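Geometric and topological summary
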Amino acid sequence: MNINENFLKIESSYLFSNIAKKVKAYTKANPDKEIIRLGIGDVTRPLAPACIEAMHKAVDEMADEKTFRGYPPEYGYDFLLNAINENDYKARGIELDNSEIFVSDGAKSDTGNIGDIFSLDNKVAICDPVYPVYVDTNVMSGRSGEKNAEGKWSNIYYMPCTAENNFLPLIPTQHVDIIYLCFPNNPTGMPIKKEELKKWVDYANREGAVILYDAAYEAFITEDDVPHSIYEIEGAKTCAIEFKSFSKTAGFTGVRCGYTVVPHDLKFGGTELNGMWARRQATKFNGVSYITQRAAEAVYSDEGKKQIQEILAYYRKNAKIIYNGLRDCGFTVYGAVDSPYVWLKTPDNMKSWDFFDLLLEKLQVVGTPGEGFGPAGEGYFRLTAFGTTENTEKAVARIKNYFAK
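The shown structure was predicted, so the numbers you read here are calculated from the model rather than taken from an experiment.

Topic: the pattern of salt bridges
Evaluated as defined, the whole model comprises 15 salt bridges. Salt-bridge contacts for Asp202 lead to Lys198; the nearest nitrogen and oxygen are separated by 2.6 Å. A residue pair is termed a helical-turn pair when its members lie 3 or 4 positions apart in one helix, as Asp202 and Lys198 do in helix 6 (residues 194-207) at 4 residues. The shortest N-O distance in the salt bridge between Glu390 and Lys394 comes to 3.9 Å. Within this pair, Glu390 and its partner Lys394 are both found in helix 12 (residues 389-403), separated by 4 residues, close to a single helical turn. Classification of Glu390 by relative accessible area gives exposed; the value is 53%. When its relative accessible area of 30% is taken as the criterion, Lys394 is described as partly exposed. Connected through salt bridges with shared partners, the residues Glu34, Glu390, Lys394 and Arg398 form a single ionic network.

Here it is in structure tokens:
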């Protein structure tokens, strides 16, 4: 029996698992210390009351033989597909068929699993720094090649996103087949304007490439010229797959629900990717529970929309507290406008894991080291706005007091 040795190429633990282990060890050794977690992008506000009400009603239905439901439809119940289509697409002037939308348990799963429908010899382009799932899943599948001394994989085309290019990737200077884009960006928090995204759509169509567009944070967009969907861009249906999530939009990190859009117009070699993804999901995924999908549907109700905007405003306020507080004490900071993330330059060229240790050991504040997002993330650090406002203010005060010395 042989194993998939590609798994041996990557670190034994996921980035956020490593952080959790460090925090657990510190907490065990210092039980009297109050830890403030602004690292992993998990939410803290309760689900919107409209979603809770919908879930309670759905639970009651599951208790009645007349309204009980077993296996859900493979790609989502019509009531949720209709709500997604009407609110996230038609309301923005985008025409989609419900058969182009696939409800899932979240964008993390889908961005990781989408590689199943692509050949292993495709050249992959990835922003650097980047959400680790994009890289790790390509390594696991055997598409990455080998890692060099700089920590880069030989069959991955790296697109550095640095302060010099406003943390936006540059169009590749060579042919690539699969392009991962995430905007508003995780981890940098930076958005992409429609004019810039059009360049990527044009490149992908010209090169016969596919864009895997992760829009998990689109609900945080506040600027008018920042697209909420890549399909707002002319030509995107022939080159792009889009991933969206209810995790950060509506606090579904523990409930699990998202969706992926694969247009029928997206074809390679005469084959629709839509049918391939449909077959993959029907084989490897059993659908999202009825109770969860009813909660997701409630996100689009009038009350749900109002309640969720209040929650988003809470997190946006936290982002500004972090951004303004760190800037006031001399840090160079980015993000926090169309995103729940603040991306900061570590002081005195400190290594990002060293800065993590300093914040944990001296201030009991947890963030995410930029190096964990890729080589270009070294020297940077991510803080999230998903904590409580009370803890966010405490964390910023600790940082300001320490670095004001």
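Here's the deal with the sheet that holds strand 14 (residues 368-369)
Taken in spatial order, the 4 strands make up an open sheet running 11-12-15-14, and their pairing is antiparallel. The open sheet is flanked by strand 11 (333-335) and strand 14, the only strands paired with a single partner. Sheet contacts for helix 11 (residues 352-363): strand 12 (341-345), strand 14 and strand 15 (380-384); angle to strand 15, the most-contacted strand, approximately 45°.

Regarding the packing of aromatic side chains
Counting across every chain of the model gives 27 aromatic pairs. Their ring planes at 80° and their centres at 6.0 Å tell us that Phe246 and Tyr300 sit as a pair that is edge-to-face. Of this pair, Phe246 sits in the loop between strand 7 (240-245) and helix 7 (247-250) while Tyr300 is found in the loop between helix 9 (290-298) and helix 10 (302-328), placing the two residues 54 residues apart along the sequence. Residue Tyr300 is classed as buried on the basis of its relative accessible area of 11%. Arranged with centres 6.1 Å apart and planes meeting at 70°, the rings of Trp343 and Phe373 form a pair that is edge-to-face. Of this pair, Trp343 sits in strand 12 while Phe373 sits in the loop between strand 14 and strand 15, placing them 30 residues apart in sequence. Phe373 shares its class with Trp343; the two are buried. Three or more aromatic residues link up through ring pairs in this structure, and these residues are Tyr89, Tyr231, Phe246, Phe252, Tyr259 and Tyr300. Across from the ring centre of Phe79, 3.6 Å away, lies the NZ or CZ of Arg294, which sits over that ring.

The rules we used
Residues numbered from 1 in each chain as written. Predicted model: local features only at pLDDT ≥ 70, side-chain atom pairs only at ≥ 80, totals over all residues. Heavy atoms only, no water. Salt bridge = Lys/Arg side-chain N within 4 Å of Asp/Glu carboxyl O. Helix = DSSP H or I, 4+ residues; strand = E, 2+ residues; numbered from the N terminus. Buried < 20%, exposed > 50% of the residue type's maximum accessible area, 1.4 Å probe, protein only. Pairing = 2+ DSSP bridges. Contact = heavy atoms within 4.5 Å. Axes fitted to C-alpha atoms, helices over the stretch in contact; angles between N-to-C directions. Phe/Tyr/Trp six-rings, centres within 6.5 Å; stacked < 30°, edge-to-face > 60°. Lys NZ or Arg CZ within 6 Å of the ring centre and 35° of its normal.

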